[in-house]
Amino acid sequence: MRRRSLLLSVPAGLVTLAACGNDKADSGKASDSASPSASASAPSAAPSPKIVSGPLPAITAGAKFGEKPTVAKGSGEPSKDLAVKTVVAGGGRPVAEGDYVQANYLGQVWATAKVFDNSYDRKTPLLIKLSQGTIIDGWRYGLAGKKVGSRVQMAVPPTWGYGKQGNPQAGIKGSDTLVFVVDVVDTFNAKSSAKGKDVPQNDAALPKVGTNTDGQAPSVDVSKKPAPKKLVAEYVIEGDGEEVAADNTVLVQYKGVLWDSGKEFDSTYGRHALTSFSLQQVVKGWAQGLTGKKVGSRVLIVIPPSLGYGENPPPNSGIKKDSTLVFSVDILAKM
(Lines give C-alpha, C1' and ligand atoms only; values in the text may rest on other atoms or scores of the structure.)
Protein backbone atom coordinates (compact mmCIF):
# COMPACT_ATOMS: atom_id res chain seq x y z
CA MET A 1 0.00 0.00 0.00
CA ARG A 2 1.35 3.44 -0.87
CA ARG A 3 2.20 5.62 2.07
CA ARG A 4 0.21 8.82 2.09
CA SER A 5 1.91 12.15 2.56
CA LEU A 6 3.45 12.67 5.98
CA LEU A 7 1.85 16.07 5.92
CA LEU A 8 -1.42 14.24 6.52
CA SER A 9 -0.37 13.22 9.97
CA VAL A 10 1.21 16.28 11.52
CA PRO A 11 0.45 16.75 15.23
CA ALA A 12 -2.69 18.73 15.96
CA GLY A 13 -0.67 21.46 17.66
CA LEU A 14 1.10 22.30 14.40
CA VAL A 15 -1.91 22.59 12.14
CA THR A 16 -5.05 24.63 12.24
CA LEU A 17 -7.32 22.19 10.39
CA ALA A 18 -7.10 18.70 8.90
CA ALA A 19 -3.72 18.30 7.29
CA CYS A 20 -2.88 18.63 3.62
CA GLY A 21 -2.96 16.16 0.79
CA ASN A 22 -6.54 15.03 1.31
CA ASP A 23 -8.56 14.83 -1.88
CA LYS A 24 -11.36 16.71 -0.12
CA ALA A 25 -9.16 19.77 -0.21
CA ASP A 26 -8.67 19.57 -3.95
CA SER A 27 -11.54 21.89 -4.71
CA GLY A 28 -9.97 24.61 -2.60
CA LYS A 29 -12.01 27.76 -2.34
CA ALA A 30 -14.76 26.59 -4.67
CA SER A 31 -17.04 26.10 -1.71
CA ASP A 32 -20.25 27.06 -3.44
CA SER A 33 -22.90 24.42 -2.94
CA ALA A 34 -22.89 23.27 -6.55
CA SER A 35 -19.27 23.29 -7.57
CA PRO A 36 -18.60 20.27 -9.80
CA SER A 37 -16.66 18.69 -6.95
CA ALA A 38 -19.43 19.07 -4.37
CA SER A 39 -22.00 16.34 -3.71
CA ALA A 40 -20.99 14.42 -6.79
CA SER A 41 -23.10 11.37 -7.42
CA ALA A 42 -21.81 7.99 -6.34
CA PRO A 43 -19.74 6.23 -9.02
CA SER A 44 -22.16 4.91 -11.59
CA ALA A 45 -22.46 1.16 -12.13
CA ALA A 46 -23.16 1.87 -15.79
CA PRO A 47 -20.39 1.82 -18.40
CA SER A 48 -18.82 5.08 -19.51
CA PRO A 49 -21.35 7.43 -21.10
CA LYS A 50 -22.11 7.76 -24.76
CA ILE A 51 -20.90 11.22 -25.78
CA VAL A 52 -22.92 13.10 -28.38
CA SER A 53 -22.53 16.54 -29.94
CA GLY A 54 -25.88 18.02 -28.93
CA PRO A 55 -28.35 19.46 -28.41
CA LEU A 56 -26.74 22.35 -26.52
CA PRO A 57 -28.18 25.82 -25.79
CA ALA A 58 -26.56 28.81 -27.49
CA ILE A 59 -23.89 30.94 -25.86
CA THR A 60 -25.36 34.39 -26.44
CA ALA A 61 -22.62 36.58 -24.93
CA GLY A 62 -19.07 36.22 -23.63
CA ALA A 63 -18.17 33.74 -26.35
CA LYS A 64 -14.38 34.11 -26.10
CA PHE A 65 -12.15 31.93 -23.94
CA GLY A 66 -11.83 33.48 -20.49
CA GLU A 67 -14.96 35.63 -20.75
CA LYS A 68 -17.91 34.97 -18.50
CA PRO A 69 -20.50 33.43 -20.82
CA THR A 70 -24.22 33.99 -20.99
CA VAL A 71 -26.08 30.83 -22.03
CA ALA A 72 -29.64 30.57 -23.34
CA LYS A 73 -32.27 28.31 -21.82
CA GLY A 74 -32.32 24.82 -23.21
CA SER A 75 -34.83 24.22 -26.00
CA GLY A 76 -36.95 21.09 -25.88
CA GLU A 77 -35.84 17.93 -24.15
CA PRO A 78 -32.13 17.48 -23.49
CA SER A 79 -30.29 14.38 -24.57
CA LYS A 80 -30.17 11.46 -22.14
CA ASP A 81 -26.55 11.07 -23.21
CA LEU A 82 -23.64 13.33 -22.27
CA ALA A 83 -23.51 16.15 -24.84
CA VAL A 84 -20.08 17.73 -25.34
CA LYS A 85 -18.90 20.39 -27.76
CA THR A 86 -15.51 22.10 -28.12
CA VAL A 87 -16.50 25.74 -28.63
CA VAL A 88 -12.91 27.05 -28.75
CA ALA A 89 -10.10 24.62 -29.57
CA GLY A 90 -6.95 25.18 -27.54
CA GLY A 91 -3.46 24.14 -28.48
CA GLY A 92 -2.05 23.06 -25.11
CA ARG A 93 -1.51 19.70 -23.47
CA PRO A 94 -4.55 17.40 -23.47
CA VAL A 95 -6.31 16.62 -20.20
CA ALA A 96 -6.10 13.04 -18.95
CA GLU A 97 -7.78 11.04 -16.20
CA GLY A 98 -5.98 11.64 -12.93
CA ASP A 99 -4.75 15.11 -13.90
CA TYR A 100 -5.38 18.17 -11.80
CA VAL A 101 -7.30 20.61 -13.97
CA GLN A 102 -7.44 24.36 -13.49
CA ALA A 103 -10.55 25.79 -15.11
CA ASN A 104 -13.06 28.59 -15.09
CA TYR A 105 -16.66 27.53 -15.49
CA LEU A 106 -20.33 28.47 -15.40
CA GLY A 107 -23.10 26.02 -14.58
CA GLN A 108 -26.85 26.40 -15.05
CA VAL A 109 -30.00 24.30 -15.21
CA TRP A 110 -31.14 23.30 -18.72
CA ALA A 111 -34.85 23.88 -18.24
CA THR A 112 -34.69 27.25 -16.47
CA ALA A 113 -31.28 28.74 -17.36
CA LYS A 114 -30.82 29.35 -13.64
CA VAL A 115 -27.09 29.86 -12.98
CA PHE A 116 -26.21 27.88 -9.87
CA ASP A 117 -22.46 28.47 -9.86
CA ASN A 118 -19.65 30.23 -11.71
CA SER A 119 -15.98 30.88 -11.03
CA TYR A 120 -15.71 33.97 -13.21
CA ASP A 121 -17.25 36.22 -10.56
CA ARG A 122 -14.87 34.80 -7.95
CA LYS A 123 -11.99 35.60 -10.32
CA THR A 124 -10.32 32.37 -9.21
CA PRO A 125 -10.28 29.23 -11.37
CA LEU A 126 -11.29 25.90 -9.89
CA LEU A 127 -8.45 23.47 -9.19
CA ILE A 128 -9.73 19.90 -9.16
CA LYS A 129 -8.46 16.37 -9.70
CA LEU A 130 -10.12 14.67 -12.66
CA SER A 131 -10.85 11.35 -10.99
CA GLN A 132 -13.74 9.26 -9.80
CA GLY A 133 -15.21 10.50 -6.55
CA THR A 134 -13.66 13.97 -6.67
CA ILE A 135 -15.67 15.43 -9.53
CA ILE A 136 -18.95 14.65 -11.27
CA ASP A 137 -18.61 12.08 -14.03
CA GLY A 138 -19.86 14.49 -16.67
CA TRP A 139 -16.70 16.52 -16.18
CA ARG A 140 -14.48 13.44 -15.99
CA TYR A 141 -15.62 12.14 -19.35
CA GLY A 142 -16.41 15.46 -21.00
CA LEU A 143 -13.02 17.06 -20.39
CA ALA A 144 -10.82 14.03 -21.02
CA GLY A 145 -8.72 14.64 -24.13
CA LYS A 146 -9.55 18.34 -24.34
CA LYS A 147 -6.55 20.63 -24.68
CA VAL A 148 -5.47 23.51 -22.47
CA GLY A 149 -6.86 26.73 -23.91
CA SER A 150 -10.12 25.08 -24.97
CA ARG A 151 -13.65 26.19 -24.14
CA VAL A 152 -15.90 23.17 -23.69
CA GLN A 153 -19.69 23.18 -23.39
CA MET A 154 -21.48 20.23 -21.84
CA ALA A 155 -25.05 19.15 -21.12
CA VAL A 156 -24.85 16.70 -18.22
CA PRO A 157 -27.88 14.49 -17.47
CA PRO A 158 -28.47 13.43 -13.84
CA THR A 159 -26.80 10.04 -14.35
CA TRP A 160 -23.49 11.78 -14.95
CA GLY A 161 -24.11 14.71 -12.61
CA TYR A 162 -25.56 14.76 -9.10
CA GLY A 163 -27.70 11.67 -9.56
CA LYS A 164 -31.30 11.12 -8.45
CA GLN A 165 -30.69 13.01 -5.23
CA GLY A 166 -29.77 16.20 -7.09
CA ASN A 167 -28.32 19.03 -5.05
CA PRO A 168 -31.17 20.58 -3.03
CA GLN A 169 -28.95 23.23 -1.47
CA ALA A 170 -28.24 24.61 -4.95
CA GLY A 171 -31.80 24.16 -6.17
CA ILE A 172 -30.86 21.26 -8.47
CA LYS A 173 -33.47 18.51 -8.73
CA GLY A 174 -32.70 14.89 -9.39
CA SER A 175 -34.29 15.21 -12.82
CA ASP A 176 -32.32 18.30 -13.90
CA THR A 177 -29.90 18.24 -16.81
CA LEU A 178 -27.09 20.71 -16.18
CA VAL A 179 -25.31 22.90 -18.70
CA PHE A 180 -21.66 23.83 -18.17
CA VAL A 181 -19.25 26.07 -20.05
CA VAL A 182 -15.68 25.26 -19.03
CA ASP A 183 -12.49 27.13 -19.95
CA VAL A 184 -9.52 24.79 -19.47
CA VAL A 185 -6.78 27.06 -18.09
CA ASP A 186 -4.15 24.42 -17.37
CA THR A 187 -3.62 20.75 -16.53
CA PHE A 188 -1.01 19.09 -14.32
CA ASN A 189 0.20 15.55 -13.77
CA ALA A 190 2.92 13.72 -11.85
CA LYS A 191 5.55 14.87 -14.37
CA SER A 192 4.79 18.58 -13.93
CA SER A 193 7.62 20.81 -12.69
CA ALA A 194 8.43 24.40 -11.86
CA LYS A 195 9.14 26.69 -14.80
CA GLY A 196 11.03 29.94 -14.59
CA LYS A 197 14.53 31.32 -14.24
CA ASP A 198 17.22 29.68 -12.13
CA VAL A 199 18.27 31.69 -9.08
CA PRO A 200 21.91 31.50 -7.92
CA GLN A 201 22.39 29.39 -4.79
CA ASN A 202 25.40 31.13 -3.31
CA ASP A 203 24.94 30.51 0.41
CA ALA A 204 27.32 27.68 1.30
CA ALA A 205 25.51 27.16 4.59
CA LEU A 206 22.29 26.10 2.84
CA PRO A 207 21.40 22.90 0.95
CA LYS A 208 21.73 22.92 -2.82
CA VAL A 209 18.69 21.91 -4.86
CA GLY A 210 18.73 20.63 -8.43
CA THR A 211 17.16 22.76 -11.15
CA ASN A 212 15.95 20.01 -13.50
CA THR A 213 12.43 20.56 -14.82
CA ASP A 214 11.83 17.17 -16.39
CA GLY A 215 9.32 15.99 -13.80
CA GLN A 216 11.94 13.96 -11.96
CA ALA A 217 12.78 14.59 -8.30
CA PRO A 218 15.50 17.23 -7.91
CA SER A 219 18.63 16.47 -5.95
CA VAL A 220 18.77 18.00 -2.46
CA ASP A 221 22.33 18.13 -1.10
CA VAL A 222 22.32 19.10 2.55
CA SER A 223 24.96 21.34 4.06
CA LYS A 224 27.42 20.11 6.68
CA LYS A 225 27.01 23.44 8.46
CA PRO A 226 24.92 23.80 11.63
CA ALA A 227 21.18 23.95 10.93
CA PRO A 228 19.67 27.44 10.90
CA LYS A 229 17.55 28.43 13.87
CA LYS A 230 15.09 30.40 11.75
CA LEU A 231 12.95 29.48 8.76
CA VAL A 232 14.64 29.65 5.35
CA ALA A 233 12.54 30.03 2.19
CA GLU A 234 14.53 30.83 -0.95
CA TYR A 235 13.84 30.60 -4.67
CA VAL A 236 15.71 27.90 -6.57
CA ILE A 237 13.68 28.59 -9.70
CA GLU A 238 11.61 31.78 -9.78
CA GLY A 239 8.37 31.54 -11.72
CA ASP A 240 6.35 34.42 -13.11
CA GLY A 241 2.92 33.55 -11.72
CA GLU A 242 0.88 35.27 -9.05
CA GLU A 243 2.09 35.33 -5.46
CA VAL A 244 0.67 32.78 -3.07
CA ALA A 245 -1.48 34.20 -0.27
CA ALA A 246 -1.68 32.80 3.25
CA ASP A 247 -5.20 31.46 2.69
CA ASN A 248 -4.61 29.94 -0.76
CA THR A 249 -4.86 26.31 -1.77
CA VAL A 250 -1.77 25.23 -3.71
CA LEU A 251 -0.88 22.33 -5.97
CA VAL A 252 2.69 21.14 -5.48
CA GLN A 253 5.43 18.64 -6.16
CA TYR A 254 7.81 18.26 -3.24
CA LYS A 255 10.66 16.29 -1.73
CA GLY A 256 11.59 16.29 1.94
CA VAL A 257 14.93 15.25 3.48
CA LEU A 258 16.49 15.43 6.93
CA TRP A 259 19.09 18.14 7.55
CA ASP A 260 21.29 15.85 9.65
CA SER A 261 21.58 12.98 7.18
CA GLY A 262 20.09 14.07 3.86
CA LYS A 263 17.82 11.02 4.01
CA GLU A 264 14.56 11.40 2.11
CA PHE A 265 11.48 10.87 4.26
CA ASP A 266 8.68 11.96 1.94
CA SER A 267 8.16 12.83 -1.72
CA THR A 268 5.35 13.27 -4.20
CA TYR A 269 7.77 12.06 -6.86
CA GLY A 270 8.03 8.70 -5.13
CA ARG A 271 4.25 8.38 -4.98
CA HIS A 272 3.84 9.60 -8.60
CA ALA A 273 1.02 11.83 -7.34
CA LEU A 274 0.74 15.58 -6.88
CA THR A 275 -0.59 17.04 -3.64
CA SER A 276 -3.11 19.85 -3.18
CA PHE A 277 -3.69 21.56 0.15
CA SER A 278 -4.64 24.78 1.90
CA LEU A 279 -1.81 26.70 3.52
CA GLN A 280 -4.07 26.91 6.56
CA GLN A 281 -3.84 23.13 6.95
CA VAL A 282 -0.10 22.49 7.15
CA VAL A 283 2.85 22.93 9.48
CA LYS A 284 3.81 26.54 10.08
CA GLY A 285 7.07 26.26 8.20
CA TRP A 286 5.26 25.31 5.00
CA ALA A 287 2.62 28.00 5.39
CA GLN A 288 5.10 30.76 6.12
CA GLY A 289 7.65 29.55 3.58
CA LEU A 290 5.27 29.45 0.62
CA THR A 291 3.31 32.61 1.40
CA GLY A 292 4.46 35.36 -0.96
CA LYS A 293 6.21 33.01 -3.37
CA LYS A 294 5.22 32.98 -7.05
CA VAL A 295 3.36 30.22 -8.84
CA GLY A 296 5.70 28.32 -11.15
CA SER A 297 8.58 28.51 -8.68
CA ARG A 298 10.78 25.92 -6.96
CA VAL A 299 11.41 26.92 -3.37
CA LEU A 300 13.95 25.63 -0.86
CA ILE A 301 12.38 25.55 2.59
CA VAL A 302 14.42 24.75 5.70
CA ILE A 303 12.11 24.27 8.67
CA PRO A 304 13.42 24.42 12.25
CA PRO A 305 11.71 22.12 14.79
CA SER A 306 9.64 24.95 16.25
CA LEU A 307 7.88 25.41 12.89
CA GLY A 308 7.79 21.73 11.96
CA TYR A 309 7.09 18.60 13.95
CA GLY A 310 9.04 19.53 17.07
CA GLU A 311 8.89 16.86 19.74
CA ASN A 312 6.03 15.00 18.02
CA PRO A 313 7.15 13.70 14.62
CA PRO A 314 4.72 11.43 12.75
CA PRO A 315 5.00 7.80 13.84
CA ASN A 316 7.12 5.55 11.58
CA SER A 317 8.24 8.56 9.54
CA GLY A 318 11.96 8.22 10.19
CA ILE A 319 11.93 11.73 11.61
CA LYS A 320 13.46 12.11 15.06
CA LYS A 321 12.34 14.61 17.65
CA ASP A 322 13.47 18.19 17.06
CA SER A 323 14.62 17.49 13.51
CA THR A 324 15.33 20.26 11.04
CA LEU A 325 13.58 19.46 7.76
CA VAL A 326 14.59 20.43 4.23
CA PHE A 327 12.06 20.63 1.39
CA SER A 328 12.20 21.34 -2.29
CA VAL A 329 8.71 22.54 -3.30
CA ASP A 330 7.46 23.22 -6.83
CA ILE A 331 4.41 25.52 -6.74
CA LEU A 332 2.40 24.44 -9.77
CA ALA A 333 -0.89 26.28 -9.23
CA LYS A 334 -2.96 28.09 -6.62
CA MET A 335 -6.50 29.08 -5.92
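Residues numbered from 1 in each chain as written. Predicted model: local features only at pLDDT ≥ 70, side-chain atom pairs only at ≥ 80, totals over all residues. Heavy atoms only, no water.

**Thoughts on the overall build of the protein chain**
Now for step 1: Along the backbone of the protein chain there are three helices and 18 strands.
Now for step 2: Put simply, the protein chain has 335 residues, and 54% of those count as buried.
Now for step 3: Excluding contacts between residues fewer than 6 apart, the proportion of contacts in the protein chain whose partners are at least 24 apart in sequence is 75%.
Now for step 4: Approximately 14800 Å² of the protein chain is accessible, and the part contributed by carbon and sulfur atoms is 50%. (Helix = DSSP H or I, 4+ residues; strand = E, 2+ residues; numbered from the N terminus. Buried < 20%, exposed > 50% of the residue type's maximum accessible area, 1.4 Å probe, protein only. Contact = heavy atoms within 4.5 Å. Areas by Shrake-Rupley, 256 points an atom, 1.4 Å probe, with all protein chains shown as cover.)

**Structural notes on the nonpolar core**
Now for step 1: Counting 27 residues, the largest nonpolar core has Trp 139, Leu 143, Met 154, Leu 178, Phe 180 and Val 182 as its most contacted members.
Now for step 2: Listed by contribution, the elements that provide at least two residues to this core are β4 (82–88), β5 (100–109), β7 (126–129), α1 (137–143), β8 (151–156) and β9 (178–188).
Now for step 3: The residues touching Leu 178, leaving out its near neighbours within four places in the chain, are Gln 108, Val 109, Phe 116, Met 154, Ala 155, Val 156, Tyr 162 and Ile 172.
Now for step 4: Leu 258, Phe 277, Ala 287 and Ile 319 belong to the second-largest nonpolar core, a separate cluster that totals 25 residues. (Core = buried A, V, L, I, M, F, W, Y, C linked by side-chain atoms within 4.5 Å.)

**Re unusual backbone geometry**
Generally, phi is negative for residues other than glycine and the peptide bonds are trans, each holding for most cases.
Now for step 1: Residue Pro 55 is bonded to the preceding Gly 54 through a cis peptide linkage, with omega at 5°.
Now for step 2: One can find Pro 55 in the loop between β1 (51–52) and β2 (59–61).
Now for step 3: With a phi angle near 65°, Ala 113 is a residue other than glycine that sits in the positive phi range.
Now for step 4: Tracing the chain through its elements places Ala 113 in the loop between β5 and β6 (115–118).
Now for step 5: Exposure remark for Ala 113: the relative accessible area of 23% places this residue in the partly exposed category.
Now for step 6: You will see that Asn 316, though not glycine, has its phi angle at about 60°, which is positive.
Now for step 7: With respect to the helices and strands, the residue Asn 316 is situated in the loop between β17 (298–303) and β18 (325–334).

**Thoughts on the environment of Ile 331**
Now for step 1: Mapped onto the secondary structure, Ile 331 falls in strand β18.
Now for step 2: Ile 331 sits in the buried class, given a relative accessible area of 0%.
Now for step 3: Non-local contacts of Ile 331, meaning those with residues more than four positions away in its chain, are made with Val 244, Leu 251, Val 252, Leu 290, Lys 293, Lys 294, Val 295, Gly 296, Ser 297 and Val 299.

**Notes on the confidence of the model for the protein chain**
Now for step 1: When pLDDT is averaged along the protein chain, the result is 88; 87% of the residues meet or exceed 70.
Now for step 2: For the stretch residues 1–32, pLDDT sits under 50, and the model shows 88 contacts to residues farther than four places along the chain or on other chains. (pLDDT = per-residue confidence, 0-100.)

**Focus: the pattern of salt bridges**
Now for step 1: Summed over all chains, the structure comprises ten salt bridges.
Now for step 2: Of the charged contacts, one joins Asp 121 and Lys 68 as a salt bridge, the two residues approaching to 3.1 Å between their closest N and O atoms. With a gap of 53 residues between them, Asp 121 in the loop between β6 and β7 and Lys 68 in the loop between β2 and β3 (70–71) connect regions that are remote in the sequence.
Now for step 3: One network of salt bridges, with partners in common, ties together Glu 97, Asp 137 and Arg 140. (Salt bridge = Lys/Arg side-chain N within 4 Å of Asp/Glu carboxyl O.)

**Topic: the packing of aromatic side chains**
Now for step 1: The full count for this structure, using the stated rule, is nine aromatic pairs.
Now for step 2: Among the aromatic side chains, those forming a connected cluster through ring pairs are Tyr 254, Phe 265, Phe 277, Trp 286 and Phe 327.
Now for step 3: One residue, Arg 140, lies across the ring of Tyr 141, its end atom 4.9 Å from the ring centre.
Now for step 4: One cation-aromatic arrangement involves Lys 293 over Tyr 235; the distance from NZ or CZ to the ring centre is 5.6 Å. (Phe/Tyr/Trp six-rings, centres within 6.5 Å; stacked < 30°, edge-to-face > 60°. Lys NZ or Arg CZ within 6 Å of the ring centre and 35° of its normal.)

**A closer look at the environment of Gly 270**
Now for step 1: Topologically, Gly 270 is positioned in helix α2 (residues 268–271).
Now for step 2: Looking at Gly 270, the relative accessible area reads 53%, which means it is exposed.
Now for step 3: Sequence separation between Gly 270 and Lys 255 is 15 residues, and the spatial gap between their C-alpha atoms is 8.7 Å.

**What about the pairing of β18?**
In summary, the side chains of a regular strand alternate between the two faces of the sheet.
Now for step 1: Counting buried positions along β18 yields ten of ten residues, so the element is predominantly enclosed.
Now for step 2: Across nine bridges, the pairing between strand β14 (residues 249–258) and β18 is antiparallel. If you follow Gly 256 over to β18, its bridge partner there is Phe 327.
Now for step 3: Pairing analysis gives six bridges linking β17 to β18, with the strands arranged antiparallel. Bridge assignment links Ile 301 to a residue of β18, and that residue is Phe 327. (Pairing = 2+ DSSP bridges.)

**Quick word on the side chain of Ser 79**
Now for step 1: Of note, Ser 79 is situated in the loop between β3 and β4.
Now for step 2: Given the relative accessible area of 18%, Ser 79 is considered buried.
Now for step 3: A polar side-chain atom of Ser 79 sits 2.9 Å from the main-chain amide nitrogen of Asp 81.
Now for step 4: Setting aside chain neighbours within four positions, we find Ser 79 in contact with Val 52, Gly 54, Pro 55 and Pro 157. (Polar contact = N/O pair within 3.5 Å; in protein donor to acceptor, adjacent residues only side chain to side chain.)

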